[in-house]
Amino acid sequence: MNNSFFKENIKPALVLLCICLAATLALAGTHSVTQPLIDQNAVKAANEARALVLPEGDDYETVAAGDLIEGVDECCIAGNGAGMTVTAHAKGFGGAVKIMVGIDANGAITGVTVTEHAETPGLGTKDMTVEYLSQYNGITEAPGAHINDDANIDAVTGATITANAIYGGVHLALEQYAEVSK
């Protein structure tokens, strides 16, 4: 084998392979260190959202994934009988809008919060204020498929797609409550 061929072709390929291997090992190591922290933060955020939407809830038990209706990501029943929290998603303007809904033991909504979204800041996010979301408190049904079908819930002008996504998530949460309560 020609020494020039090795220097020009094989050596750079080996150096590149070593660099890729080192980068892969560094990324894998970083992932193994940070993933538990990411998981802890996700659990903490979910517990804070549960406390916000169902303040009386405590000691939650998660409903099996096979018992969830389509569009519902998680359903947790409060061990103290206060009700349940349901995390659902529906399509918004910028993608999926994920909400958490608290429902008391009588089937009335105790709170709604948006946990994830990619909506337009200043427009779609107007539907995510505490004032706007509080209009869902106390309702026991979301009868329509669209927010405009429900005379009791107002949409924000110019942000109807986001409002409809939130309404759709609330609708799914109430359906999940009815399914679990059977």
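In what follows, the accompanying structure is described. (Residues numbered from 1 in each chain as written. Predicted model: local features only at pLDDT ≥ 70, side-chain atom pairs only at ≥ 80, totals over all residues. Heavy atoms only, no water.)

1. Description of the packing of aromatic side chains
Our working definition: By convention, a stacked pair of Phe, Tyr or Trp rings (six-membered ring in the case of Trp) has centres within 6.5 Å and planes under 30 degrees apart, an edge-to-face pair has planes over 60 apart, and any other such pair is tilted. Think of it in three bands: residues with accessible area under 20% of the maximum for their type are buried, residues over 50% are exposed, and the middle band is partly exposed, with areas taken using a 1.4 Å probe on protein chains only. Our definition puts a charge over a ring when NZ of Lys or CZ of Arg is within 6 Å of the ring centre and also within 35 degrees of the ring normal.
For the structure on display, the rule yields 1 aromatic pair. When the centroid spacing of 6.4 Å and the interplanar angle of 80 degrees are considered together, the rings of Tyr132 and Tyr136 count as edge-to-face. Assessed through its relative accessible area of 0%, Tyr136 is described here as buried. Sitting over the face of the ring of Tyr60, Arg50 holds its NZ or CZ atom 5.6 Å from the ring centroid.

2. A few points about helix α1 (residues 3–53)
To keep it simple, the criterion reads: Comment: elements are numbered from the N terminus, with helices defined as DSSP H or I runs of at least four residues and strands as E runs of at least two. Each residue after the first adds 1.5 Å to the expected span of a helix. The contact criterion used is simple: two residues touch if any of their non-hydrogen atoms lie within 4.5 Å.
Under the 1.5 Å per step criterion, the end-to-end length of α1 is 71 Å for 51 residues, consistent within 8% with the ideal 75 Å. Within the sequence span of α1, burial applies to Ala46, Ala49, Arg50 and Val53. Against β1 (60–62), β2 (72–78), β3 (83–91), β4 (96–104) and β5 (109–116) lie the buried residues of α1.

3. Considerations on the sheet that holds β4
Here is the rule: Strands pair, by our definition, only if DSSP identifies at least two bridges between them. Axis definition: a line fitted to C-alpha atoms, limited for helices to the stretch in contact. Angles are taken between N-to-C directions and run from 0 to 180 degrees.
If you walk across this open sheet you meet the 5 strands as β1-β2-β3-β4-β5, and the pairing is antiparallel. Unpaired on one side and paired on the other, β1 and β5 mark the two borders of the sheet. Each strand axis lies, on average, 25 degrees off the axis of its neighbour in the sheet, ignoring direction. Both β3 and β4 contribute to a ladder of 9 bridges, which runs antiparallel. Bridge pairing in β4 links Lys91 to Ala96. Against the sheet, α1 makes contact with β1, β2, β3, β4 and β5, and its axis sits at roughly 150 degrees relative to β5, the strand it touches most. The strands touched by helix α3 (residues 160–181) are β2, β3, β4 and β5; relative to β3, the strand with the most contacts, the crossing angle is about 140 degrees.

4. Notes on the pairing of β5
Looking at chain direction, β4 and β5 are connected through 6 bridges and run antiparallel. Paired with Ile103 across the strands is Ile109, a residue of β5. From the end of β4 to the start of β5, which pair antiparallel, there are 4 residues, and Gly107 there has a positive phi angle of about 90 degrees.

5. Re the side chain of Glu119
Applicable threshold: Positive charges are assigned to Lys and Arg, negative charges to Asp and Glu, while His and the chain termini are left out of the count. The term salt bridge refers to a side-chain nitrogen of Lys or Arg lying within 4 Å of a carboxyl oxygen of Asp or Glu. Within 3.5 Å is the distance limit for a polar contact, defined as a pair of N or O atoms, with the added protein rule that one can donate a hydrogen and the other accept it, and that residues adjacent in sequence qualify only through two side-chain atoms.
Considering the arrangement of structural elements, one finds Glu119 in the loop between β5 and α2 (130–133). Buried within the structure, Glu119 lacks any salt-bridge partner; Lys91 is the closest side chain of opposite charge, at an N-O distance of 7.8 Å. Here Gly94 takes part through its backbone nitrogen, which lies 2.8 Å from a polar atom of the side chain of Glu119. A distance of 2.5 Å separates the side chain of Glu119 from the side chain of Thr162, its partner in a polar contact. The contacts of Glu119, once residues within four sequence positions are left out, are Gly92, Phe93, Gly94, Gly95, Val97, Gly124, Thr125, Met128 and Thr162.

6. Digging into the pattern of salt bridges
Overall, the coordinates contain 2 salt bridges when judged by the stated rule. Close ionic contact of Glu74 with Arg50 constitutes a salt bridge, the shortest N to O distance being 2.8 Å. With Glu74 in strand β2 and Arg50 in helix α1, the pair connects residues that are 24 residues apart, well separated along the chain. The partner of Lys98 in a salt bridge is Glu116, and the shortest N-O contact between them spans 3.8 Å. Here Lys98 is found in strand β4, whereas its partner Glu116 is found in strand β5, with 18 residues between them in sequence.

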